Amino acid sequence: MDYFKKTIYDDEWQIYLIDKDDHVIADENSLAETDAEKKEIYFRREGVDLQTVRHECWHLFVSYTFTDTANLDQIQTEEIAAELFSYQADKILNISNEIYKDQLSGGFSVMK
């Protein structure tokens, strides 16, 4: 299991590149998983693509809305997602691109 660190909103996130044998993703069929509480993202080595990185980065940014503590209906949740997208879309895409291009797509620098 390889990893690197990425600072987002002054928090240090651990980004892991794992093998299927590592058994750290709850759903064995998933290509990635974000644990916002631990500030960790896991990507399967054999399944990393830019769309998956963007998907996980979306989870990362949504975790900073703290909406998991509220009982929101679908319309409220959609409105929060739209606001997050309108204010942070460029940042989400830029960080996703950095993670994918700089670390995951062949140029992975191991930090242990």
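Structure first, text after, so check above.
What counts and what doesn't
Residues numbered from 1 in each chain as written. Predicted model: local features only at pLDDT ≥ 70, side-chain atom pairs only at ≥ 80, totals over all residues. Heavy atoms only, no water. Salt bridge = Lys/Arg side-chain N within 4 Å of Asp/Glu carboxyl O. Helix = DSSP H or I, 4+ residues; strand = E, 2+ residues; numbered from the N terminus. Buried < 20%, exposed > 50% of the residue type's maximum accessible area, 1.4 Å probe, protein only. Expected span 1.5 Å × (residues − 1). Contact = heavy atoms within 4.5 Å.

Draft legend 1. Layout of the pattern of salt bridges. In the structure shown here, the tally under the stated rule is five salt bridges. Residues Lys6 and Glu98 are paired through a salt bridge, measuring 2.3 Å at the closest nitrogen-oxygen approach. Of this pair, Lys6 sits in strand β1 (residues 2-8) while Glu98 sits in helix α2 (residues 74-104), and the two are 92 residues apart along the sequence. Classification of Lys6 as buried rests on a relative accessible area of 18%.

Draft legend 2. Up close: helix α1 (residues 50-63). In a regular helix each residue adds 1.5 Å, so 14 residues correspond to 20 Å; α1 covers 20 Å between its end C-alpha atoms and thus fits that length. Looking at α1, one finds that the buried residues are Leu50, Thr52, Val53, Glu56, Cys57, Leu60, Phe61 and Ser63. Those residues of α1 that are buried are in contact with β1, β2 (11-18), β3 (32-35), β4 (40-44) and α2.

Draft legend 3. Broad picture of unusual backbone geometry. Even without being a glycine, Tyr9 presents a positive backbone phi close to 50°. Within the fold, Tyr9 resides in the loop between β1 and β2. In the Ramachandran plot, Lys39 falls in the positive-phi region, its phi being about 60° despite a non-glycine side chain. Of note, Lys39 is situated in the loop between β3 and β4.

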